[in-house]
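# Survey of secondary and tertiary structure
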Amino acid sequence: MGVKGHAYAKDQAGIITTRIDEIVKWGRKFSLWPLPFGTACCAIEYMGVVASGFDLARFGAEFVRFSPRQSDLLLVAGTINYKIGPVLKRIYDQMCEPKWVISMGACACSGGFYDNYAAIQGIDQIIPVDVFIPGCPPRPEAILDAILKLHEKIDREPARKQKRVTD
Amino acid sequence: MKNELEKLDVYLKELGEIHPDAVGKVGQEVDDAVWVVGRDRVLDVLIWLKDKGFDLLLDIAGVDGLHLGRMERFEVVYILYSIKENIRLRVKVFLPESDLKLPTATDLWQSANWAEREVFDMFGVTFEGHPNLKRILCHHEFEGHALRKDYPMMGGQWCSSTRDLREDLDE
Ligand code: SF4
């Protein structure tokens, strides 16, 4: 099941002993609710990942929410320009802790090939990012890999002190 | 193509009878005919063309000729289309940098509304009489005009405020 601990089965009743941190992290890991902040072509690729072909549901992150108050994973897929930048920052601020951010594609990570007056050269200039996915657009496997990387990261973090400092 | 040009020649002659000397130069660029019109005559010509059946204003484009070394730095191009005759026509106006003003065409075509806002946003041409002349693409705190040739190509500007969508709907 993926929880670190001990399992007993005595007289049909299952008992697991573990630490509270472990069970909380286990819950968080396998029920990420992503908010897809899709602004360009990368969002199309993301749709492919959620759909049955690549089936993001296998990793527990298929329940897409379009409200920042109901999601804990901000998935930025597409070009972010200076006009949408403040909106992205505000949506990030509205999400409840704990929250994570995946930056998908060359555009979100670094501005991609749009080095001009309009495009922000990487969303890490306005919000903290946990996992970067390179590619234009990234292959679906890369997106699944990023989700797995995020699982590892959640596992490493202390479960009860996941507050970040943002200004 | 040949029919179009003949038709446009007829139009040109008819226009000349009502507004003599309104059209300065007549030319051909890529696949569209171009009429160069003076700034003070452009509204007359556009009204006349609309009556003649140019019922679509496809786009309004701005051009910055900073490095072309000509007298007037900017040009504004109206791209018109007549559904009935299947003719396309570009009406071009040259504007000096010191006086970037044009009368609005929003009373003729609704599509001029956003197109003029875009030219205003990118080149700083003001359209007098426009109902809502505000930036359409760049952030409302953006300074300068992004498609001018002397605007730095990578000159991004950090803008921090968000706008309430209701503000836009109210207008
Ligand atoms: S990285 Fe490529 S695919 Fe993704 S939004 Fe940018 S241009 Fe589109």
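Rules and cut-offs
- Residue indices begin from 1 for each chain and proceed along its sequence in written order.
- To read the labels, note that chains go from A and ligands from 1, taken in the order they are written.
- Residues qualify for local features only when their pLDDT is at least 70, as the model is predicted, and side-chain atom pairs are given and counted only at 80 or more; totals for whole chains, interfaces and linings, by contrast, use all residues.
- The side-chain values count all of the structure's non-hydrogen atoms but skip hydrogen atoms and water molecules.
- If DSSP finds at least two bridges between two strands, the strands pair.
- Secondary structure elements follow DSSP: runs of H or I of four or more residues count as helices, runs of E of two or more count as strands, with numbering from the N terminus.
- A fitted line through C-alpha atoms represents every axis, and for helices the fit uses only the stretch in contact; the resulting angles, taken between N-to-C directions, go from 0 to 180 degrees.
- Residues count as neighbours in contact if any of their non-hydrogen atoms are within 4.5 Å of one another.
- Near, as used in this document, describes a residue that has one of its heavy atoms within 4 Å of the molecule or strand being considered.
- Side-chain classes follow a simple rule in which Ala, Val, Leu, Ile, Met, Phe, Trp, Tyr, Cys and Pro form the nonpolar group, Asp, Glu, Lys and Arg form the charged group, and the remainder, Gly included, forms the polar group.
- Only protein chains enter the area calculation, which uses a 1.4 Å probe; residues under 20% of their type maximum are buried, those over 50% are exposed, and those in between are partly exposed.
- Whenever a nitrogen or oxygen atom comes within 3.5 Å of another N or O atom, the pair is scored as a polar contact, on the condition that within protein one atom can donate a hydrogen and the other can accept it, and that pairs from neighbouring residues in sequence are kept only if both atoms are in side chains.

## A look at the sheet that holds strand E6 (residues 131-133) of chain A
Residues and elements named next belong to chain A.
- Across the sheet, 4 strands lie side by side as E3-E4-E5-E6; this open sheet has parallel pairing. The outermost strands of the open sheet, each flanked by one partner alone, are strand E3 (34-38) and E6. Between one strand and the next, the sheet's axes are offset by a mean angle of 15°, whatever the strand orientation.
- Here 5 bridges tie strand E4 (residues 73-77) to strand E5 (residues 100-104), and the two strands are oriented parallel to one another. The residue of E5 that forms the bridge with Leu 73 is Trp 100.
- Along the sheet face, helix H3 (residues 85-94) touches E3, E4 and E5 and points at about 165° away from the line of E4.

## Some details on the site of the ligand
Residues and elements named next belong to chain A.
- Taken together, the neighbourhood of the ligand is formed by Ala 40, Cys 41, Cys 42, Gly 78, Gly 105, Ala 106, Cys 107, Phe 113, Gly 135, Cys 136 and Pro 137.
- Mapped onto the shell around the ligand, the elements with two or more residues apiece are helix H2 (41-50) and helix H4 (105-110).
- The leading source of residues in the shell around the ligand is H4, at 3 residues.
- The class makeup of the residues in the shell around the ligand is 8 nonpolar, 3 polar and no charged.

## So, the side chain of Ser 103 of chain A
All names here are of chain A.
- By the element assignment, Ser 103 lies in strand E5.
- Judged by relative accessible area, which is 0%, Ser 103 ranks as buried.
- Polar side-chain contacts of Ser 103 include one of 3.3 Å to the backbone nitrogen of Cys 109.
- Those residues in contact with Ser 103 that lie beyond four places of it in its chain are Val 76, Ala 108, Cys 109, Ile 123, Val 129, Val 131, Phe 132 and Ile 133.

## Quick notes on the sheet that holds strand E3 (residues 56-64) of chain B
All names here are of chain B.
- One open sheet holds the 5 strands; their spatial order is E1-E2-E5-E4-E3, and the pairing between them is mixed. The two strands at the open ends of the sheet, each matched to only one other strand, are strand E1 (23-29) and E3. On average, each strand axis in the sheet is inclined to that of its neighbour by 25°, with strand direction left out of account.
- In this structure, strand E2 (residues 32-37) lies alongside strand E5 (residues 87-95), joined through 5 bridges in parallel fashion. Across the sheet, the residue bridging to Val 37 is Val 93, located in E5.
- Along the sheet, helix H1 (residues 2-18) makes contact with E1, E2 and E5, crossing E5 at roughly 50°.
- Here helix H3 (residues 112-123) sits on the sheet and contacts E3 and strand E4 (74-82); the angle it forms with E3, its principal contact strand, is near 5°.

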